[in-house]
Amino acid sequence: MKNPKKSFYILYKAPLAIVGFIIIIAGLFAYSRTKVELLPNVTFPKIKVIADNGDQPVENMLIGITKPLEEAIKTCENLELLQSTTSRGSSEISAFFKWSADINLAKQQVEAAITQVRSELPASLKVEVEKMNPAILAMAGYSLEGDLSPIELKTLATYTVKPYLEQIQGIRQVAITGGRNKEYQVVLNQDKLSQLGLTPGMIYDILVQTNFIEASGYANQSNRLYLAITDASLRNIDELRNTVIRNSSKGEILLKDVSEIKIAGQLEYLKIKANGNDVPLVAVMKQPEANLSDVNVELQKRITDLNTSLLPKGIKLRPYYNQADFVGEAITSIRDVLWIGLLLAIIITILFLRSFRSSLIILITVPISLLLTILIMLVLGYNFNIMTLGAIAAAIGLVIDDAVVVVEQIHRTHEEHPDSKYKELIPKAIKYLLPAMVGSSLSTLVIFLPFFIMTGVAGAYFQIMTNTMMITLIASFFVSWIILPVVYILLFGDKKEKNIKPAIIKKKGWVLFFIKRPYISIGFTLLMIVSMVLVFPKLPSGFLPEMDEGSIVLDFDSPPGTSLETTEEMLVQVDKILENTPEVESFSRRTGTQMGFFITEPSRGDYLIKLKQNRTLSTDEVIDNIRGHIEEKLPALIVDFGQVIGDMLGDLMSSVQPIEIKLFGDNESQIQEYSKKIAAVIERVEGTADVFDGIVVAGPSLTLKPKYSNLKEYSLPLTDLQLQLQTMIGGVKASSIQENLRFCDVRLVYPDYQKVGYNKLLKTNVFLPDGTLVPLTRFTDIKVLNGTAEINRENLKKVGYITARLNNRDLGSTLKDIQIAIQENIVLPQGMNLEYGGSYKEQKQAFNELFSILLMAILLVFLILLFLYRNFKVALLLIILILLAPSGSTLLLFFLNIPLNVGSYIGIIMIIGIVGEAAIFTYLQYTEERKKGENVQDAIVYSISIRLRPKLMTALSAIVALLPLALALGSGAQMHQSLAIAVIGGLFVALPVLLIVLPSFLKIIEK
């Protein structure tokens, strides 16, 4: 008699065990090597160009610089959108390319296009080109505080802190802002200069001509070459004071005889403060590919070194922002959510199977599936971030589902054959399950395939999420089909389950009850369809899921032309509001510059506010409180609140704000007029905050028109007059003095040069070439001009941007009310039109793509059912019933007031595959019973009865596994809360659909 053929698992249990062991070791290695980030490292298809040309008027900048640059950049391949903002002396151009474009090549094309027109642009123009990605923003920020002057603090920051931190591997740049740069100021005495027949121009020429180091050539002596260097450089302030201005028979005139020479801080039209102190800020940027957690560990070590030994006593680096803190908290929260969900699911398994061995197998194999997932992620270059870990946490229910289905079938097979050993039962159980396992796994996998069509920022991030889910499901199928049976055989192969009761499947009477009353199932089906039709349009809607980051960005803008000093007085009150807000831990402030890569007027800036971790109020509630206090005390100050990550994503997209109305036209004054009207309408719409009409006005200007005839009459060159004006208003750099590794400017100024205004200019005198003083008004007409607004253009057409943020209301309903309000109150003149941009535009595009993905997912699941059972009627019935499950998602989202956003939409798509998987196993059981000769009714009742336990186990395991995500336990889990709730809602409806509706309709079509 021949021995029975051994099964695959018995023959190859040793090599398969080695494979499992290798997966564990390699997975643990991958876990230790996988980088940690907040978000996937996505390079956005955006190139930003900033052109600076001093203080040129807006119209001159537009015609002479912005337009030529726009027309050049417009020729680049794959360009989709071109936006520009022209301000006084500056131009900012954003070029948006297709997501499929090579952004490095796009940057080269932009630079090449600018080079081609460079000869047509002013020689003094400075142009910067940057590709935009999250790495351009700081991973950490510190303020350097202590009892030193702003000059000394800036010197320490630049020459001690910056080089020490830039030695860290993975650091791209350490940027220092604030403090004051050291310079030598030569404060000219007009009376003494005039008495001696000297002029500022003469002093300027002497400093330029006498302070230099230049090579004269090579001298040949004794067959050796010597470089001859003329060194006339100034080394210190004493040498500067003793510079000879004139030497005659009457004696020497030194620089100190006609001026006061002192060390001072360089004049800058920006102010930086941290926690109320005028101190420099240290912003740390990392390389895009660097591991955030590793870089942060080394950064913290070096910060400690600086604070304890390298910086002078009493000088400390104090953090005001650290992305790694939030990332660590978010990643930890998702990891905790994942393990909590896993343990809860295992408890469900134990309660249903009452078998320690079966539960132990799940506890072993699920982590193996996760380790294999991490290994594949490392090979594919994926990092740990909110999207990838969230994907694993969201898919953990399906992973457990795979393991539970196999374990339950093995357990059931053992109940049917209580005297057999596990190694004899396992091959039978797997053989029985394999067709359904393949079909069910495919049904959950194929729903993610269409996500390749998703574009924009949602596609960039959520494709990575869905890809990670596919990796997780593939790993789970492999481990459940190959490794799990081997683990069972190795641990319990020769054993039997003690106290196991033989399988006695009682046909559930309630199944027959519903089969005989099909109107109940029909009524339930109609109820779900009606609920979907009625409730779905009423769902609140948004774009991307939001997180509570624990940090706030507060952008501000004082009235146009407000001096730095007046703006500072207003902001001191804001400082006090923040200091008196108990939830605020620390804050920094920048005036005249902002976080990111922008052109910024001197009256504008931002706060970066760090909130305490242990607080009772959410970030949104803290924002509401701060906004209310500012609007009450400083109504003239325009403020705009956001969170750091949201602001960062906005900077990388075409709009920072969720609400954006684009107003196109040809007449700039008309655009401004209607922008104000539209902003006034939006302010009255419930749920809006921080409404801004988009009009950014550069301050007023003084225009000095030369009187050429008078200049010629007095032989005063126009260049000399301009030099004197620069000296009296802003100072003019005449030379520099080298100190260690830096050059300090030597600047000619007049006393109180920072306080020169219109009235003072009317009384000011200027020097003639012989030193005589003459009123300035003799040579110029002085006029005061109102400030000019920045000019925005999109695809070479003028545009105004009216923006707003949401305040305790969803995006969809708020935009709907805004559209109605604008239609009722605004009538645009001919030649003007408006478009809706911002998050609304991104949402509309994402939802259209997701709907297409949903249809494709339904079709793919239908095809799998059709190929699996080769019965059109059955496949059609199953897919129709599967489509009832999203009604549960819709109802739960509605009752919990969770918006329909990209995350919840993906959850609705997922439920199609999950319910399809369960339906496949049910119909498989039915077909098996029919093969045994059972009639239709008995086969249906038996198949539902026998699949009751695995259905309840898998559904409840998936629900409890997703419950921590649905409860948003931690900041990282908040990102996936809407997805988890959508899936849980679908599972609640899926149970009655599969247990009640399916048997009723199956009985009807199988007659």
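The structure displayed is predicted, hence computed values, not measured ones. (Residues numbered from 1 in each chain as written. Predicted model: local features only at pLDDT ≥ 70, side-chain atom pairs only at ≥ 80, totals over all residues. Heavy atoms only, no water.)

*Asks:* An account of the overall build of the protein is needed here, citing residue identities and associated values.
*Replies:* When you go through the protein residue by residue, the secondary structure sums to 32 helices and 30 strands. Each principal axis of the C-alpha atoms in the protein carries an extent, and together these give about 130 × 80 × 55 Å. Here the protein, with 1007 residues, has 56% of them falling under the buried criterion. The contacts of the protein with a sequence gap of at least 6 include a subset with a gap of at least 24, amounting to 80%. Here the protein contributes 97 positive and 97 negative side-chain charges, whose respective centroids are spaced 9 Å apart. (Helix = DSSP H or I, 4+ residues; strand = E, 2+ residues; numbered from the N terminus. Buried < 20%, exposed > 50% of the residue type's maximum accessible area, 1.4 Å probe, protein only. Contact = heavy atoms within 4.5 Å. Lys, Arg positive; Asp, Glu negative; His and termini not counted. Charge placed at Lys NZ, Arg CZ, Asp CG, Glu CD.)

*Asks:* Which residues make up the sheet that holds strand E14 (residues 281–286), and what values do they have?
*Replies:* Spatially, E6-E14-E5-E15 is the arrangement adopted by the four strands of the open sheet, whose pairing is antiparallel. Each edge of the open sheet carries a strand with a single partner, namely strand E6 (171–177) and strand E15 (316–322). Sheet twist, expressed as the average angle between the axes of neighbouring strands with direction ignored, equals 25°. Two strands pair when backbone bridges link them, and E6 and E14 are joined in this way by six bridges, in the antiparallel orientation. Residue pairing for E14: Gln173 is matched across the bridge by Met285. Contacts between helix H5 (residues 150–166) and the sheet are confined to strand E5 (140–145), E6, E14 and E15, with E6 contributing the most and set at about 175° to the helix. (Pairing = 2+ DSSP bridges. Axes fitted to C-alpha atoms, helices over the stretch in contact; angles between N-to-C directions.)

*Asks:* Would you mind going over the packing of aromatic side chains in detail, with residue names and values included?
*Replies:* On inspection of all chains with the given rule, the structure shows 15 aromatic pairs. Members of the aromatic cluster, each reached through a chain of ring pairs, are Phe44, Trp99 and Tyr461. Taking NZ or CZ as reference, Arg302 lies 4.6 Å from the ring centre of Tyr164, over its face. (Phe/Tyr/Trp six-rings, centres within 6.5 Å; stacked < 30°, edge-to-face > 60°. Lys NZ or Arg CZ within 6 Å of the ring centre and 35° of its normal.)

*Asks:* Break down helix H12 (residues 356–380) for me, citing the residues and quoting the values.
*Replies:* Over its 25 residues, H12 runs 37 Å from end to end, which matches the ideal 36 Å to within 8%, given 1.5 Å per residue. Taken from the residues just after H12, Gly381 is the one with a positive phi, measuring 85°. (Expected span 1.5 Å × (residues − 1).)

*Asks:* Describe the nonpolar core, listing the residues and the values that go with them.
*Replies:* Ranked by size, the top nonpolar core spans 229 residues in total, and within it Leu165, Leu850 and Val902 carry the most contacts. A total of 22 residues in this core trace back to one element, the largest contributor, which is helix H15 (residues 456–492). In this structure, Leu207, Leu240, Cys744 and Leu748 belong to the second largest nonpolar core, which totals 37 residues. (Core = buried A, V, L, I, M, F, W, Y, C linked by side-chain atoms within 4.5 Å.)

*Asks:* I'd like a rundown of the sheet that holds strand E23 (residues 732–739), residues and numbers included.
*Replies:* Read across the open sheet, the four strands follow the order E12-E7-E24-E23; overall the sheet is mixed. Whereas interior strands pair on both sides, the edge strands pair on one side only; in this sheet they are strand E12 (259–265) and E23. For this sheet, the mean inter-axis angle between neighbouring strands, taken without regard to orientation, is 25°. In this structure, strand E7 (residues 182–188) lies alongside E12, joined through seven bridges in antiparallel fashion. Bridge pairing in E12 places Tyr184 opposite Ile263. In this fold helix H7 (residues 200–210) packs onto E7, E23 and strand E24 (742–749), with an angle of close to 30° to the strand it touches most, E23. Across the sheet, helix H23 (residues 718–729) lies against E7, E23 and E24, angled at about 65° from E23, the strand it touches most.

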